[in-house]
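Examining the three-dimensional arrangement
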Amino acid sequence: MRFRRSRPVLLPQMNIISLVDVLFVLNLFFMLNAQYYSPRGLDVQLPAARSAAETLRSTLTLSLTRDGRIFLGAQAVEPGQLKQRLESVARQQP
């Protein structure tokens, strides 16, 4: 005796739409939480300064005009005296 199947055989299928929805929500959750993550660094002890006093240095301006005159600061200097004046300024400043 032969029996007939009245219903066709259905293959099991996975519902992909709900899977995509869950993955989207998880992705959104991790992206938003990644913005609030701040990595902790190492605690470093930096060396302290030995002196807090500032050292002030004065600037020295040497100018040469088109006509060949030399100025050290605002004072005119002869070319022969320039070396002596620069040495005296160097001795005055540490």
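Shown above is the structure to which this text applies.
Description of the overall build of the protein
Of the regular secondary structure elements, the protein holds 2 helices and 3 strands. The order of α-helices and β-strands along the protein, N terminus first, is α-β-β-β-α. Taken against the 2.2 N^0.38 rule, which gives 12 Å for 94 residues, the C-alpha radius of gyration of the protein at 43 Å runs more than 25% over that of a compact globule. C-alpha extents for the protein along the principal axes are approximately 135 × 45 × 20 Å.

Observations regarding the sheet that holds strand E2 (residues 70-72)
Spatially, E1-E2-E3 is the arrangement adopted by the 3 strands of the open sheet, whose pairing is antiparallel. Of all strands in the sheet, those bounded by a partner on one side alone are strand E1 (62-64) and strand E3 (75-77). Across the sheet, the mean angle from the axis of one strand to that of its neighbour is 35°, orientation sign disregarded. By the bridge criterion, 3 bridges tie E2 to E3 in an arrangement that is antiparallel. If you follow Phe 71 over to E3, its bridge partner there is Ala 76.

So, how was this worked out
- Residues numbered from 1 in each chain as written.
- Predicted model: local features only at pLDDT ≥ 70, side-chain atom pairs only at ≥ 80, totals over all residues.
- Heavy atoms only, no water.
- Helix = DSSP H or I, 4+ residues; strand = E, 2+ residues; numbered from the N terminus.
- Rg over C-alpha atoms; globule rule 2.2 N^0.38 Å.
- Pairing = 2+ DSSP bridges.
- Axes fitted to C-alpha atoms, helices over the stretch in contact; angles between N-to-C directions.

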